[in-house]
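# Architecture at a glance
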Amino acid sequence: VQLVESGGGLVQPGGSLRLSCVASGFTFSSYYMNWYRQAPGKERELVAAISNAGGTRNYANSVKGRFTISRDNAKNTVYLQMNSLKPEDTAVYYCNVVREGRTSWGQGTQVTVSS
């Protein structure tokens, strides 16, 4: 299993970024996919989740209305569109999948929101 995130960077408050996670090594279309984040000194937290066909999406309260998770099963890719970014969104963002009780993580992509 391999999960490779990209799309992070430095953005000003109020700006937008789109993260991507390309998956390989498993049947992508069969599994929920998740985005987590971890800020310095804080625990890793679930940001958003999407069902295997994309019909169910869940968000942390802190990002509802600003972030959108989506997926393209033909491209084995899950996305996180982040709008109206705030300094408190600064973190390393990770892609995640749980398959038969086994958890896999990507290497993470840094998002920094600062003026």
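In this report, we go over the structure that sits alongside the text. (Residues numbered from 1 in each chain as written. Predicted model: local features only at pLDDT ≥ 70, side-chain atom pairs only at ≥ 80, totals over all residues. Heavy atoms only, no water.)

### Regarding unusual backbone geometry
What is expected of a backbone is that most residues other than glycine have negative phi and most peptide bonds are trans. To keep it simple, the criterion reads: Strands here are runs of E lasting at least two residues and helices are runs of H or I lasting at least four, both read from the DSSP assignment and numbered beginning at the N terminus.
Non-glycine residue Asn76 carries a positive phi angle of around 55°. Relative to the helices and strands, Asn76 resides in the loop between β7 (67-72) and β8 (77-82). The phi dihedral of Glu100 is positive, around 50°, even though this residue is not glycine. Position of Glu100 relative to the elements: it lies in the loop between β9 (91-99) and β10 (102-105).

### Brief notes about the sheet that holds strand β1 (residues 2-6)
Worth spelling out the cut-off: At least two DSSP bridges between two strands are needed for those strands to be called paired. Angles run from 0 to 180 degrees between N-to-C directions of axes, and those axes are lines fitted to C-alpha atoms, restricted for helices to the stretch in contact.
The sheet built from 4 strands is open, its strands ordered β1-β3-β8-β7 with antiparallel pairing. Only two strands of the sheet have a single neighbouring strand rather than two, namely β1 and β7. When strand polarity is set aside, the average angle formed by the axes of neighbouring strands in this sheet is 15°.

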